[in-house]
Amino acid sequence: MAKVYKQVPFAAIVPSPQTENEGMITGNWRFLRPVVDKEQCTECKTCYIYCPDACVNFAKADGVSFNLKYCKGCGICSNVCPVGAISRVPELDFDE
Amino acid sequence: MPIKKKGTGLTAVADAWQLADIDVSASYPIRPYTAVMAELAKRIANGTMQCEMVHGEGEHAQFSIAHGASMAGARATTGSSGVGVTYAFETYSPIAGSRCPIQALVGDRTLDPPGDFGSEHTDCLTLRDNGWIFGWAQDAQESLDNSLMYFRIGEDPDIMLPQIVAMDGYFVTHIAQDYIMPDQDQVDKFLPKFNPKFRLDVKNPVIMGPQIEPEMGPPLEWDRHVVMTKVKEKIVEVTEEFGKVFGRKYAPFVEEYLTEDADMVFVLQGAHAVTCRSAIKYLREAGFKIGLCRLRWFRPFPDTALAQILTKFKVAGVIDTGTSYGAPCSGGVLSTEVKAAMSEVAGKPIIQSFTSGLGGETITHEEFFAMAEMMKQTLQAGKIIQGGTWVNFNDYHEGASQINAAKHEAAPSK
Ligand code: SF4
Ligand code: SF4
């Protein structure tokens, strides 16, 4: 049976601004997940600036969170965090 | 009123770009391309042309600038030569994939072995698999005309693909010749303003070139493949309309010369066709029933047109003015493509590969005669006697082998 591919708009051009596009979830490429230690985090927002996929979120009241639908696990955020608050944990350590 | 001008292939393209009222041109010097950017800069500085000229810090940046400008809705141009073309390589697929119909001028130049600046088609042919439409002009007039036709085809809402106006470095880019510069009204009638459906616009923001899931890749590639097949119909349509508006009629895909009664035919593209035609006149006097098929397009490859035309002949000698080391039958890219296009065609001719005119060498009459002689032997034998011939290197005719022997003897010993 022929595979059914996802529908793609012309040249993959999508409306903006939008923080999420359900058609383009790419977080499933990740095998290391960033995890923040909120005790250490100073909320300096360095990780927010550096994340190439705009996955660091400060919108929620409880500080830093990561949008795992799009986070590729590149580790840039953990490298730039000045206080070492972000660790990278293998995906298989999580239930979902 | 159209005016008669004396200029080069590069001034002719600068004229085409001025008449097309381009918005942005991205530049980075490399000969022989450089003269077009110099020409544009001069016109902009003199106030005779309105255009944003942006200098990249290299060819990769240069093509990226044109890419961005096109995304913003500009009619954008750029170009390069030789290793400059290959330095920008990463940008070609994204430009075609985001369906930005920028136009690039390539004045062909060899890819370096150390600094041979002569003309070869190898630079352009290396990017044949990226979704750009292109073909070679044989003179200044055709460069100008192709540029206008390519804008029209590439910017068509059903197509939206980038184009390369390719021309042999120096032979076309730098040799002064007469050409007719069309009238602005004619161009305006033929080429509407570029008005893409999608563009970067703060009032209606879009994301272009987002990261996608693997399952979304094949449909995008399928789209690019399908549109490439549609380009052929558009070429026929636009070439015909061009003839009506400007009065210059071109064969859409393959220009034939003295082929009516021919049993043998040279197949090539670009400026060497000019010498080839004059060589054919002598060959005809010597009793060779030989003609020429000059390809006007390389991508999309005119396989259907070639299949119809080449079956009229018994032997086709495909002349490559570029290299593809290790390619099948010791041929170049063009001969490989012609053979592939003809592979399932009934009644096809015997196709013989020649490589000649590398490094900016002209293909001389004698070399055309030698190739014709070889094709005649093939015709008489009904099969190829020597395949994949590098003219002057494979020693099939005495004169050439003697010259080469003398050259080797004169070379300093290690
Ligand atoms: S860089 Fe580190 S400290 Fe700064 S906000 Fe991000 S996690 Fe917190
Ligand atoms: S791992 Fe990479 S993609 Fe994920 S949040 Fe950190 S910087 Fe962003």
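Rules behind the numbers
- Residues numbered from 1 in each chain as written.
- Chains lettered and ligands numbered in written order.
- Predicted model: local features only at pLDDT ≥ 70, side-chain atom pairs only at ≥ 80, totals over all residues.
- Heavy atoms only, no water.
- UniProt positions renumbered as here; feature names shortened; annotations may be inferred.
- Contact = heavy atoms within 4.5 Å.
- Buried area = accessible area lost by both parts, 1.4 Å probe.
- Salt bridge = Lys/Arg side-chain N within 4 Å of Asp/Glu carboxyl O.
- Nonpolar A, V, L, I, M, F, W, Y, C, P; charged D, E, K, R; others polar.
- Helix = DSSP H or I, 4+ residues; strand = E, 2+ residues; numbered from the N terminus.
- Buried < 20%, exposed > 50% of the residue type's maximum accessible area, 1.4 Å probe, protein only.
- Axes fitted to C-alpha atoms, helices over the stretch in contact; angles between N-to-C directions.
- Left-handed = near helix turned anticlockwise from the far one by under 90°.

Per an unreviewed UniProt entry, chain B goes by the name Oxalate oxidoreductase subunit alpha and belongs to Sporomusa termitida.

Within an unreviewed UniProt entry, the label attached to chain A reads Oxalate oxidoreductase subunit delta, and the organism entered is Sporomusa termitida. Database annotation for chain A, UniProt heading Cofactor (unreviewed entry): "[4Fe-4S] cluster".

(A) Region of interest: the interface of chain A and chain B. Residue-level contacts link 21 residues of chain A with 19 residues of chain B. In this assembly, chain A packs against chain B so that about 1,900 Å² is buried in total across both faces, 69% of it on carbon and sulfur atoms. The largest share of the area that chain A buries against chain B comes from K6, F10 and I13 of chain A, three residues that together contribute 30% of it. Taken together, the links from chain A to chain B amount to two salt bridges. Grouping the amino acids of the side of chain A that touches chain B by side-chain chemistry returns 13 nonpolar, four polar and four charged.

(B) Representation of unusual backbone geometry. All names here are of chain B. Across the junction of R31 and P32, the peptide omega takes the value 0°, indicating a cis bond. Residue position: P32 is located in the loop between β2 (24-27) and α2 (34-45). The linkage connecting R299 with the following residue, P300, adopts the cis geometry, with an omega of -5°. Its location among the elements puts P300 in the loop between β12 (290-295) and α11 (303-310). Notably, L258 is not glycine yet its phi reads approximately 45°, a positive angle. The residue L258 is located in the loop between β10 (254-257) and β11 (264-268) in this model. Its identity as a non-glycine residue notwithstanding, N392 has a phi of 80°, on the positive side. Residue N392 is classed as partly exposed on the basis of its relative accessible area, which comes to 21%.

(C) Molecular detail of the packing of helix α10 (residues 272-285) of chain B against helix α13 (residues 365-381) of chain B. Residues and elements named next belong to chain B. Contact pair α10 / α13: the axes reach a minimum separation of 9 Å and the direction vectors enclose 65°. Where α10 crosses over α13, the handedness of that crossing is right-handed. In this structure, α10 uses H272, T275, C276, S278, A279, Y282 and L283 to contact α13, whose residues at the interface are H365, F368, F369 and A372. In terms of residue class, the contact of α10 with α13 is made up of seven nonpolar, four polar and no charged.

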